[in-house]
Structures are given as C-alpha cells and as structure tokens.
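What follows is the residue order along each chain.
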Amino acid sequence: MIIAVDGPAAAGKGTIARALAKHYGFHFLDTGALYRMVGLAAIRSGGEPITATAAIAAARTLDPSSFVDADLRTEKVGAAASIVAVIPEVRAALLDFQRSFARKAPGAVLDGRDIGTVVCPDAHAKLFITASAEVRARRRQMELGASDYEAVLADIRARDARDSQRATAPLVAAQDAVTLDTSGMDIGEAVAAAVAVVEARRVP
Ligand code: DC
C-alpha cells in the first residue's frame, strides 16, 4: 500500500507522514530531504548562486550517507532545495529512487510536493496537508528558534510561490487527494484526521 502526503512547507506533512508510517508499520521517505541534499551538495561543489550544472551533477551522484540531518534542516538549505527542485533533470534523477522506495512491502508513506501527482499517481491514499501561511510561519519560527517572524513568513511565501509556479511537477493537490487544513488542529487531531482518510482507502 502506498500513502502519498503532499503540501506546502511547514504544514505538518512530515509529522503526519511519520505518524502514519508508525501507525501502519510502513516505510517512510521524506522526499524533501533528497532535494535538500541536492541543494546542499550543489552549494558545496559549485558555490552560490547555485548553478544548474552543479545541481544536476549532485542529483545524479547523490550519496545520502554523506549528509547529517542537522545540516539539512536550516532555512537556507530549504530554500536551496526549492531552487534545485525547479530543474527538470534534478527531478528526473530522483524519480527512480522514490518510485522503488514506494514499492517496498508491506507499504510506504512518502511525503513531498508531487507524490500524489507525479511520483506515485496510483497511490492508494493521497493527502494534501495545508495550513495558512501565517500559521506555518509561526510553527517554522518556533522550530528554528528564529526571532524574526516577518522574515520567516516572507521565506515561506517565497518558497510557496517557487514550488507552486514551477513548470515541472508543481505543488498542487492531486484530483483524488483529500485536503486537510491543519491551521486549527494540534498534532494529535491532525494525525487522527489523516488516519481516518487512510482507513477509508485502506487495501484489505
Ligand atoms: O518538504 P521540504 O521543506 O523539506 O522540501 C524542501 C524543498 O524541496 C521544497 O521547497 C520543494 C522541494 N521538493 C520538491 O520539489 N518535491 C518534493 N517531492 C519534495 C520537496
């Protein structure tokens, strides 16, 4: 069984996807981490501003074991991920890995931007997790321990625009996805709502 969890930055999709994987005993893949690795590797090899050549080379030779999670979680690397994610060759280079991961038994949960639309259009359950930009900025500010709310909000809006407006695999809810707006929910409520959606689509 494949569960696709998509949505904008800081909407809670990572937390929900991890909780679903734990609940069902499925494998979990944070596909944003792959784009973050490519963004960071491109900066390390080619400097800034990131070039398409450095990003494509990084995606084609990606070695996930050479990254430390803390280095991937910064806002700078999140923005770098969103920049390299616009490049079709980068997306193509990461596609096979994501698709083979999705086929793992007994099931897999993948979170990202294009899982339900491009990576796994045949996923059994598709969730589109969203929340207002203001709520997401508050959550990201707390997570990063950042002092400047307006700067975090501006980063979130810039990332939304880049992720939604790119030509290849833009951030959009799949037609058969169920949208969950987590603006007014705590983590427990959001996870319970997500489990209810998956139960309705569950493969016996
Ligand atoms: O989910 P995240 O914040 O870790 O993702 C970082 C960036 O990677 C995001 O702004 C866009 C890109 N991304 C993507 O284009 N497709 C995915 N499936 C996952 C992430």
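To start, this report covers the structure provided alongside it. (Residues numbered from 1 in each chain as written. Predicted model: local features only at pLDDT ≥ 70, side-chain atom pairs only at ≥ 80, totals over all residues. Heavy atoms only, no water.)

The terminal C-alpha atoms of helix H1 (residues 13-24), which comprises twelve residues, lie 16 Å apart, in line with the 16 Å expected from a rise of 1.5 Å per residue. For H1, the set of buried residues is Lys13, Gly14, Ile16, Ala17, Leu20, Ala21 and Tyr24. Along the long axis of H1, the arc covered by the buried residues comes to 165 degrees, so they all point the same way. Away from its buried face, by an angle of more than 90 degrees, H1 presents the exposed residues Lys22 and His23. (Helix = DSSP H or I, 4+ residues; strand = E, 2+ residues; numbered from the N terminus. Expected span 1.5 Å × (residues − 1). Buried < 20%, exposed > 50% of the residue type's maximum accessible area, 1.4 Å probe, protein only. Arc of directions from axis to C-beta.)

Viewed as axis vectors pointing N to C, helix H8 (residues 133-144) and helix H9 (residues 149-165) meet at an angle of 120 degrees, and their least axial separation amounts to 9 Å. Here H8 lies oblique to H9, going by the angle between them. Crossing handedness for the pair H8 and H9: right-handed. Here Ala133, Glu134, Arg136, Ala137, Arg138, Arg140 and Gln141 of H8 lie close against H9, whose contacting residues are Tyr149, Val152, Leu153, Ile156, Arg157, Arg159 and Asp160. (Axes fitted to C-alpha atoms, helices over the stretch in contact; angles between N-to-C directions. Parallel < 35°, antiparallel > 145°, perpendicular 65-115°, else oblique. Left-handed = near helix turned anticlockwise from the far one by under 90°. Contact = heavy atoms within 4.5 Å.)

Counting 37 residues, the largest nonpolar core has Val38, Ile50, Ala55, Val90, Leu110 and Cys120 as its most contacted members. In terms of residue count, helix H2 (residues 31-46) provides more of this core than any other element does, nine residues in total. When sequence neighbours within four positions are dropped, the list of residues in contact with Cys120 reads Ile2, Ala102, Ile115 and Lys126. Counting 21 residues, the second-largest nonpolar core is a separate cluster that includes Ala125, Val191, Ala194 and Val195. (Core = buried A, V, L, I, M, F, W, Y, C linked by side-chain atoms within 4.5 Å.)

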